[in-house]
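Close look at the chain arrangement
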Amino acid sequence: MRALLLRLLRVPPEPHPPAGEQVRVFRAAPNFFRYKAVLWVIGQIGAITGLVFGLLMLRVAEREIGEGTAVSLIRFFEVVGWITVIAQIPLTWAVMRLDWELRWYIVTDRSLRIREGITKVVEKTMTFRNIQNIAIRQGPIQRALGIADLEVRTAGGGGAAAGAEKKAGGAGEDMHVAYFRGVGNAAEIRDLIRSRIRQHRDAGLGDPDDETQPDESGAVEAAREVLEEARALHRALAGPS
């Protein structure tokens, strides 16, 4: 099932580390899978409950109709409904399992890269120069399981600019915000990113994709020479006092 889903969903291989050295790779915690499993079970109970309620309504309609083509159609829908519910159980379980396994959180000394998703793969790369805010998000169930989401936000990740980007992209995905979802060591990752940001700023490192800044020392020296020549010309025109 795993190999089949990977082929059908065209899931790409594991991501390459972003620019930088000192590569650290983090993964979602086992309790994050348990957390998703609880939500999956709740969803399955809801689906089965909805199906049973719908079939009861069809049974009531069947008694009123009696016999005929309509009754055969109702029974056909009953069979299709049960087959659909039963068939989706292993499929959705496998997708949920892969969604947990194929989460990549990579941190180097210059940037970070996050990839998540199975049916929709989202990969984000952020340089430490642009990171503005780091926060830990944790709900009551996550707190009980000892996991949390680490939110990393870069410049331009809020307000009207973010809304315009979502609207333009059409996917509702804010590329200025990334999450280390379901990690069991959110505080450790937060402290690591903060230390890398401090090292980055103290060393004056730029974005590896930035172009080399031009040397302005020659232009300054030329401006000084022009200024001296202008002063000399002014003194010559003024003549002796």
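What this report covers is the structure whose coordinates are included nearby.

This paragraph deals with the sheet that holds strand 5 (residues 131–137). The strand order across the open sheet formed by three strands is 5-6-7, and the pairing between neighbours is antiparallel. Among the strands making up the open sheet, the edge pair consists of strand 5 and strand 7 (177–183). The mean angle between the axes of side-by-side strands here comes to 15°, regardless of whether they run parallel or antiparallel. One ladder, built from six bridges, connects strand 5 with strand 6 (residues 148–154); its direction is antiparallel.

Enumeration according to the criterion identifies ten salt bridges in this entry. Put simply, Glu151 and Arg153 hold a salt bridge, and the shortest N to O gap is 3.7 Å. A relative accessible area of 5% means that Glu151 is categorised as buried. Exposure remark for Arg153: the relative accessible area of 25% places this residue in the partly exposed category. One connected set of salt bridges, linked through shared partners, spans Asp99, Arg103, Glu116 and Arg181.

What the four strands build is an open sheet, ordered 1-2-3-4; its pairing is antiparallel. With partners counted over all chains shown, the strands left at the sheet margins are strand 1 (24–26) and strand 4 (122–127), one partner each. Neighbour to neighbour, the strand axes of the sheet diverge by 15° on average, direction disregarded. Sheet analysis places strand 1 next to strand 2 (residues 104–107), joined by three bridges and oriented antiparallel. Residue pairing for strand 2: Arg24 is matched across the bridge by Val107. In the packing of helix 6 (residues 186–203) onto the sheet, the strands contacted are strand 1, strand 2 and strand 3 (111–116), and the crossing angle to strand 1 comes to about 150°.

The rules behind the values
Note on numbering: residues in each chain are counted from 1, in written sequence order. Local features in this predicted model are restricted to residues whose pLDDT is 70 or higher, and side-chain atom pairs enter the listing and the counts only when it is 80 or higher, whereas totals over whole chains, interfaces and linings include all residues. Working from all heavy atoms in the structure, the side-chain values ignore hydrogens and water. At least two DSSP bridges between two strands are needed for those strands to be called paired. Counting from the N terminus, the helices are DSSP H or I runs at least four residues long and the strands are E runs at least two residues long. A fitted line through C-alpha atoms represents every axis, and for helices the fit uses only the stretch in contact; the resulting angles, taken between N-to-C directions, go from 0 to 180 degrees. Put simply, a salt bridge is a Lys or Arg side-chain nitrogen that is within 4 Å of an Asp or Glu carboxyl oxygen. When a residue's accessible area, from a 1.4 Å probe over protein chains only, is under 20% of the maximum for its type it is buried; when over 50% it is exposed; and in between it is partly exposed. Here, residues are in contact when the closest pair of their heavy atoms is within 4.5 Å.

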